[in-house]
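# Analysis of the macromolecular model
Single-letter residue listing:
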Amino acid sequence: MRRFLPDLALSLLVLLVQTTIVQFLAIQTIVPDLVLLWIIALAVRRGQIPGTIAGFALGLIQDLISGPDGMLGLAALAKTMAGFAAGYFYNENKTIQTLGSYRFLLITAGVSALHNIFYFLIVLQGSGISWSGSLLAYGVPTTAYTVAMALIPMFAFARKQLS
Amino acid sequence: MVKRLYDIVLLLKEYVVVAVFLSVSVFLLAFNDTPQMREIRAYAIVAVGLLQNSLSVLPNYLNLRRENEALRELNLALSDEVSRLREGKLENLRLRQLLNLKELGEHRYTGANIVGKNLQLLRNTITLDVGENEGVQVNMPIVSERGLVGKVISTTGHYSIGQILLNKDVRVSAKVQRSRVDGIVRWDGGHDLLLQNVARTDDVQTGDLVITSDYSAFFPKGIKVGVVSETRPLPGSLFQAVTVKPAVDFTALEEVFVMQFKADSSRTVLEQRGR
């Protein structure tokens, strides 16, 4: 249980950063999803079940703090799926290698694409924007931005791997 | 059993966990009333409808059996209802015709149902569910909307027996309406009636209407008896044989009226004295 405490603290920190600082990094309306990035990293490091639980819990918190404009349960659903999918790439003996290599970028790209496709398809329902339009306007840029942000932990773990 | 179930859950724990969380998330989503969720609900309804529609081709024997039983019961009930409605419609029609007759006539009538009928003998009768308590007396004429049926020959408090035209004992004074030719209507055991005592020279044609005449002691004049169906000269006789098809279909007869008509007793006495 104690080994999960740093993860819990970091989860809350990431959530805080996502809701406060990340908006300053917005390119037009597109922002990186640091919470999703953290869930993917957690699932790769800890496994499928911790990744799923973290996805659900953090997603639910995001839903709760999104206020009346949000859709309670949507982020929880999307991030549960993301945590579960990322957990497939968990390998106890190769955690650092996975996180410190381009494989982490590929995993982030795949899982983030899955998450964003699902999330934006639901969020943009009834907005008049077509499915392909919503993917091109929001899904792909958000995925690309999140993958770009994944470079930071990737280089950090690569350095850790070298040292 | 529980151990086996536990083992299965343990083996598939990742899937169980994700299924639980996904279910909770969907449950929470379902409570939203945003435009997006309304749109998704509409899609879901269509999808479920299509799914149900496509699955409906698969036979569900239990449901089919139950549905069949229900439909059979419904069919029976509806058939019964149709039958009763048809019966009611026919009764309505008959009663309407009877009422017309009642309105047109100058005599009082007592409506009666035929509760017994005998058409196989030479002295055929009908039993009516009205009797002396309803004012029915012996020798009163029995009519239907189509014409003359017969006369009452016996009564009790609530029932009476009617002698119909298809009875060898019945004699009815009648006349051909068109030519006013008189005759006596009787039955000889065949299908039709006979108009007797019609001279060869009398003008009687097929299709002529035969009605009761003034000469009858038991029947008022003008009641339709039947239609002439055949005329032929009797060999070696001054008379002709006139066959009359009865106006009333006795086999289908169900309701009749007893006419509150009594022959003038002084006339009867006088006629008997004259003989």
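Fair warning: this is a prediction, and the values are worked out from it, not measured in the lab.

### A closer look at the interface of chain A and chain B
Each partner contributes residues to the interface: chain A has 21 residues there, and chain B has 19 residues. Of the roughly 1800 Å² buried between chain A and chain B, counting both surfaces, carbon and sulfur atoms make up 79%. At the junction of chain A and chain B, the tally comes to 0 salt bridges. At the boundary of chain A with chain B, the tally comes to 3 residue pairs in polar contact (both at pLDDT 80 or more). Elements represented by at least two residues in the side of chain A that touches chain B include exactly helix H3 (48-65), helix H4 (74-86) and helix H6 (102-123) of chain A. Its residues assigned to classes, the side of chain A that touches chain B shows 14 nonpolar, 7 polar and no charged.

### Observations concerning the sheet that holds strand E6 (residues 172-176) of chain B
Pairing is antiparallel around the closed barrel formed by 6 strands, whose spatial order is E6-E7-E8-E11-E10-E9 (chain B). For this sheet, the mean inter-axis angle between neighbouring strands, taken without regard to orientation, is 40°.

### Focus: the pattern of salt bridges
Residues and elements named next belong to chain A. The full count for this structure, using the stated rule, is 13 salt bridges over all chains. Of the charged contacts in the structure, one is a salt bridge between Asp 33 and Lys 79, with a shortest N-O distance of 3.1 Å. Here Asp 33 is found in the loop between helix H1 (5-20) and helix H2 (34-46), whereas its partner Lys 79 is found in helix H4, with 46 residues between them in sequence. For Lys 79, a relative accessible area of 2% puts it in the buried group. In this structure, a network of salt bridges that share partners links the residues Asp 7, Arg 45 and Arg 46.

### Some points on the side chain of Asp 208 of chain B
Residue and element names in this part refer to chain B. Within the secondary structure, Asp 208 is located in the loop between strand E8 (193-199) and strand E9 (209-212). Classification of Asp 208 as buried rests on a relative accessible area of 6%. Other than its neighbours up to four places away in sequence, Asp 208 contacts Val 176, Arg 178, Asp 203, Gly 226, Val 227 and Val 228.

### A few points about the sheet that holds strand E12 (residues 255-259) of chain B
Residues and elements named next belong to chain B. As summarised here, the arrangement of the 6 strands in space is E1-E2-E5-E4-E3-E12, forming a closed barrel in which the pairing is antiparallel. The mean angle between the axes of side-by-side strands here comes to 45°, regardless of whether they run parallel or antiparallel. Note that strand E4 (residues 148-155) and strand E5 (residues 160-167) share 5 bridges and pair antiparallel. What sits directly across from Val 152, in E5, is Gly 162.

### Points about unusual backbone geometry
Even without being a glycine, Gln 28 of chain A presents a positive backbone phi close to 55°. Overall, Gln 28 of chain A belongs to the exposed group, its relative accessible area being 78%. The backbone of Asn 139 of chain B shows a phi angle near 80°, a positive value even though the residue is not glycine. For Asn 139 of chain B, the position within the fold is in the loop between strand E2 (123-128) and strand E3 (141-143). Residue classification places Asn 139 of chain B among the partly exposed positions, given a relative accessible area of 25%.

### As for a nonpolar patch on the surface
On the surface, Tyr 88 and Phe 89 of chain A together with Leu 5, Ile 8, Val 9, Leu 11, Leu 12, Tyr 15, Val 16, Val 20 and Val 24 of chain B cluster together into a nonpolar patch covering about 1000 Å² of accessible area. For the nonpolar patch, the secondary structure elements donating two or more residues are helix H1 (2-11) and helix H2 (13-30) of chain B. Secondary-structure assignment places Val 9 of chain B in helix H1. Given a relative accessible area of 40%, Val 9 of chain B falls into the partly exposed group.

### Some words on the packing of H6 of chain A against helix H7 (residues 131-162) of chain A
Residue and element names in this part refer to chain A. Where H6 contacts H7, the two axes come as close as 8 Å, and the packing angle between them is 150°. Classified by the angle between their axes, H6 and H7 sit roughly antiparallel to one another. Where H6 crosses over H7, the two elements pack in a sense that is right-handed. For the contact of H6 with H7, the class distribution of residues is 16 nonpolar, 8 polar and no charged.

### Describing the packing of aromatic side chains
What the rule picks out here adds up to 7 aromatic pairs over all chains. Ring geometry for Phe 120 of chain A and Tyr 138 of chain A: centres 5.6 Å apart, planes at 25°, overall stacked. Remark: Tyr 138 of chain A occurs in helix H7 and Phe 120 of chain A occurs in helix H6; sequence separation between them is 18 residues. Site record: aromatic cluster; members linked through ring pairs are Phe 84 and Tyr 88 of chain A together with Tyr 15 of chain B. One cation-aromatic arrangement involves Lys 151 of chain B over Phe 218 of chain B; the distance from NZ or CZ to the ring centre is 3.9 Å.

### A few points about the packing of H4 of chain A against H6 of chain A
Residues and elements named next belong to chain A. Close contact between H4 and H6 brings their axes to 9 Å; oriented N to C, the two are set at 160°. Accordingly, the angle class assigned to the pair H4 and H6 is roughly antiparallel. Helix-helix and strand crossings are classified by hand; for H4 and H6 the assignment is right-handed. Along its contact with H4, which presents Leu 74, Ala 75, Leu 77, Ala 78, Lys 79, Met 81, Ala 82, Ala 85 and Ala 86, the element H6 presents Val 111, Leu 114, His 115, Phe 118, Tyr 119, Ile 122 and Val 123. Taken together, the residues of the contact of H4 with H6 sort by class into 14 nonpolar, 1 polar and 1 charged.

Calculation rules
- Residues numbered from 1 in each chain as written.
- Chains lettered and ligands numbered in written order.
- Predicted model: local features only at pLDDT ≥ 70, side-chain atom pairs only at ≥ 80, totals over all residues.
- Heavy atoms only, no water.
- Contact = heavy atoms within 4.5 Å.
- Buried area = accessible area lost by both parts, 1.4 Å probe.
- Salt bridge = Lys/Arg side-chain N within 4 Å of Asp/Glu carboxyl O.
- Polar contact = N/O pair within 3.5 Å; in protein donor to acceptor, adjacent residues only side chain to side chain.
- Helix = DSSP H or I, 4+ residues; strand = E, 2+ residues; numbered from the N terminus.
- Nonpolar A, V, L, I, M, F, W, Y, C, P; charged D, E, K, R; others polar.
- Pairing = 2+ DSSP bridges.
- Axes fitted to C-alpha atoms, helices over the stretch in contact; angles between N-to-C directions.
- Buried < 20%, exposed > 50% of the residue type's maximum accessible area, 1.4 Å probe, protein only.
- Patch = residues over 30% accessible without salt bridge, like charges linked within 9 Å, V, L, I, M, F, W, Y side chains within 5 Å.
- Areas by Shrake-Rupley, 256 points an atom, 1.4 Å probe, with all protein chains shown as cover.
- Parallel < 35°, antiparallel > 145°, perpendicular 65-115°, else oblique.
- Left-handed = near helix turned anticlockwise from the far one by under 90°.
- Phe/Tyr/Trp six-rings, centres within 6.5 Å; stacked < 30°, edge-to-face > 60°.
- Lys NZ or Arg CZ within 6 Å of the ring centre and 35° of its normal.

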